[in-house]
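Geometric and topological summary
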Amino acid sequence: MITLQQDSEGFIRMSRHFPGSAAITVVFTDGTQEVLTGRRLNEAYDDALAAYRAGNQLDAKGFSRGPTKKVNPGIEFVPVQPGMAE
């Protein structure tokens, strides 16, 4: 089983997708724990990645169509809150 700890700002560190059927325990800052499926966390990761790309004027694949500059291709932190389990 995978265990992830929420930081004080409400995020977990997640730089890739997990297997959809994996059971992942998230320990929240208030001390509660919740078991989420990999599929649910992958959805949260995809939502955070889409928001990052939109905020940085990147297209759906993460490419900048503007002038050339170094752009971070992804994210590492995903926002989570209690009650995310389905």
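The notes below deal with the structure included here. Note that the structure is a prediction, hence the values are computed from the model and not measured.

Definitions and limits used
Residues numbered from 1 in each chain as written. Predicted model: local features only at pLDDT ≥ 70, side-chain atom pairs only at ≥ 80, totals over all residues. Heavy atoms only, no water. Buried < 20%, exposed > 50% of the residue type's maximum accessible area, 1.4 Å probe, protein only. Helix = DSSP H or I, 4+ residues; strand = E, 2+ residues; numbered from the N terminus. Pairing = 2+ DSSP bridges. Contact = heavy atoms within 4.5 Å. Axes fitted to C-alpha atoms, helices over the stretch in contact; angles between N-to-C directions.

Residue alternation in strand β4 (residues 33-37) divides its side chains into a buried set, E34 and L36, and an unburied set, Q33, V35 and T37. Where strand β3 (residues 23-27) and β4 come together, 5 bridges link them in antiparallel fashion. Paired with V27 across the bridge in β4 is Q33. Where β3 folds back on β4, the antiparallel hairpin that results is connected by 5 residues, among which G31 adopts a positive phi of roughly 95°.

By secondary structure assignment, the location of N42 is in helix α1 (residues 38-55). Residue classification places N42 among the buried positions, given a relative accessible area of 10%. Apart from residues lying up to four places away in sequence, N42 is in contact with M14, H17 and F18.

Read across the sheet, 3 strands follow the order β1-β3-β4 without closing on themselves; strand pairing throughout is mixed. Only two strands of the sheet have a single partner each, and these edge strands are β1 (2-5) and β4. Going across the sheet, the axis of each strand differs from the next one's by a mean of 30°, ignoring polarity. The sheet strands contacting α1 are β1, β3 and β4, and the helix crosses β4 at an angle near 90°.

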